[in-house]
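# Coordinates in review
For reference, the chains in residue letters:
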Amino acid sequence: MKALVRKRGYSLEMRIYLKEVALNCNIQNYHCLFTRPLGESVRRKTIEMFEDYFKSGEKVILDCSEIEDMSPSFLEQFFLSEDGLIRHLIKKNVVLILDNVCEDLEHSIRTSFIGVEGKNSIIIIKDNEYHLISYKDEKQVKTFEVVKKAPITARELADLEGIEINSASNRLYRLYKNGLAFRSEKVESDGKSYLYYL
């Protein structure tokens, strides 16, 4: 089973090919993934096959090459359910990112994620740039846009946005808590702070 692991910036990145996981589940029509039972089967197989690779502080790139579409029931079971892949990875401090998402699949994902916030937001790579799907909180989207460009502390975000440091800290912490960014502790002469990054 193919899984590429490499160092990118501040974190390790592992690439999983969804097509290969589907084939490993004996799904021959992997181009269109439909039904809740298939979503459960692929979710279970993904975790079973790659659990040992899910390490805190890593990015998991789920490569959707050759996947043309997924039904809402498949998406719900695979990503969004209580035991879905997103929540499983959040518990491990792993950021999930989708890559090579075709237009139809992106539309299905956006439609399935409508009205779902927080733990069920997801990042896709489009035109070599990270994009956040599902978050309705404009302040959080703006904060994500800052974090994806460069590592930042709450003090730096507060200065950049002209907001209180507590507000900046809360925004950054919510991104981290929802599996949309990493953080590392910085200890300096004036105290401790966290550096948030993607």
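Okay, so let's go over this structure. Along each chain, residues carry numbers from 1 onward, in the same order as the chain's sequence is written. Given that this is a predicted model, residues contribute local features only at a pLDDT of at least 70 and side-chain atom pairs are listed and counted only at 80 or more, while totals for whole chains, interfaces and linings are drawn from all residues. Heavy atoms from the whole structure form the basis of all side-chain values; hydrogens and water molecules are not counted.

## Describing the environment of F34
Helix and strand assignments come from DSSP, with helices taken as H or I runs of at least 4 residues and strands as E runs of at least 2, each series counted from the N terminus. You can see F34 is positioned in the loop between strand 3 (32-33) and helix 2 (36-50). Three exposure classes are used, based on accessible area relative to the maximum for each residue type with a 1.4 Å probe and protein chains only: buried under 20%, partly exposed in between, and exposed over 50%. Overall, the relative accessible area of 35% leaves F34 in the partly exposed class. Sequence spacing of F34 and L75 is 41 residues, and the spatial spacing of their C-alpha atoms is 8.4 Å. Contact definition: two residues touch when any of their heavy atoms are within 4.5 Å. If near-sequence neighbours (up to four positions away) are discounted, F34 is found in contact with M70, S71 and F74.

## Brief notes about the packing of helix 6 (residues 138-149) against helix 7 (residues 154-161)
Remark: helix 6 packs on helix 7, axes separated minimally by 12 Å, with the N-to-C direction vectors making an angle of 115 degrees. Seen along the crossing, helix 6 lies across helix 7 with a hand that is right-handed. Two secondary-structure elements touch here, helix 6 through K142, T143 and V146 and helix 7 through L157, L160 and E161. In this count, Pro and Cys sit with the nonpolar residues alongside Ala, Val, Leu, Ile, Met, Phe, Trp and Tyr, while Asp, Glu, Lys and Arg are called charged and the others, Gly among them, polar. The residue inventory of the contact of helix 6 with helix 7, partitioned by class, reads three nonpolar, one polar and two charged. Each axis is a line fitted through C-alpha atoms, and for a helix only the stretch in contact is used; angles between axes span 0 to 180 degrees, taken between their N-to-C directions. Should the near helix be turned counterclockwise from the far one by less than a right angle, the crossing is left-handed, whereas a clockwise turn marks it as right-handed.

## Examining the pattern of salt bridges
We define a salt bridge as a side-chain nitrogen of Lys or Arg found within 4 Å of a carboxyl oxygen belonging to Asp or Glu. Enumeration according to the criterion identifies 16 salt bridges in this entry. The shortest N-O distance in the salt bridge between R43 and E40 comes to 2.7 Å. Residue R43 and its partner E40 are located together in helix 2, separated by three residues, close to a single helical turn. E40 matches R43 in its accessibility class, with the two residues each being buried. Between E106 and R110 there is a salt bridge whose closest N-O contact spans 2.9 Å. A residue pair is termed a helical-turn pair when its members lie 3 or 4 positions apart in one helix, as E106 and R110 do in helix 5 (residues 103-113) at four residues.

## Here we look at unusual backbone geometry
For N26, which is not glycine, the phi dihedral falls at a positive 65 degrees. Looking at the secondary structure, you find N26 in the loop between helix 1 (18-24) and strand 3. Among the residues examined, N26 registers a relative accessible area of 63% and is labelled exposed. Notably, E66 is not glycine yet its phi reads approximately 70 degrees, a positive angle. Structurally, E66 can be placed in the loop between strand 4 (58-63) and strand 5 (69-70).

## Quick notes on the state of the cysteines
A pair of sulfur atoms, both from cysteines and within 2.5 Å, is called a disulfide here. By the definition in use, this model includes zero disulfides. Residue C64 stays outside any disulfide, its sulfur separated by 8.5 Å from that of C102, the closest cysteine.

## A closer look at the packing of helix 3 (residues 72-80) against helix 5
Running from N to C, helix 3 and helix 5 point in directions that differ by 70 degrees, and their axes come no closer than 10 Å. Here helix 3 lies roughly perpendicular to helix 5, going by the angle between them. Contacts between helix 3 and helix 5 involve P72, L75, F79 and L80 from the first element and S108, I109, S112 and F113 from the second. Within the contact of helix 3 with helix 5, the residues separate by chemical class into six nonpolar, two polar and no charged. With respect to orientation, any angle under 35 degrees is reported as roughly parallel, any angle over 145 as roughly antiparallel, any angle of 65 to 115 as roughly perpendicular, and every other angle as oblique.

## Some details on the environment of L132
Checked against the element boundaries, L132 lands in strand 8 (residues 129-133). L132 sits 10 residues away from I122 along the chain, and the two C-alpha atoms are 5.9 Å apart. Dropping the residues within four chain positions of it, L132 is found in contact with S121, I122, I123, V141, F144 and L180.

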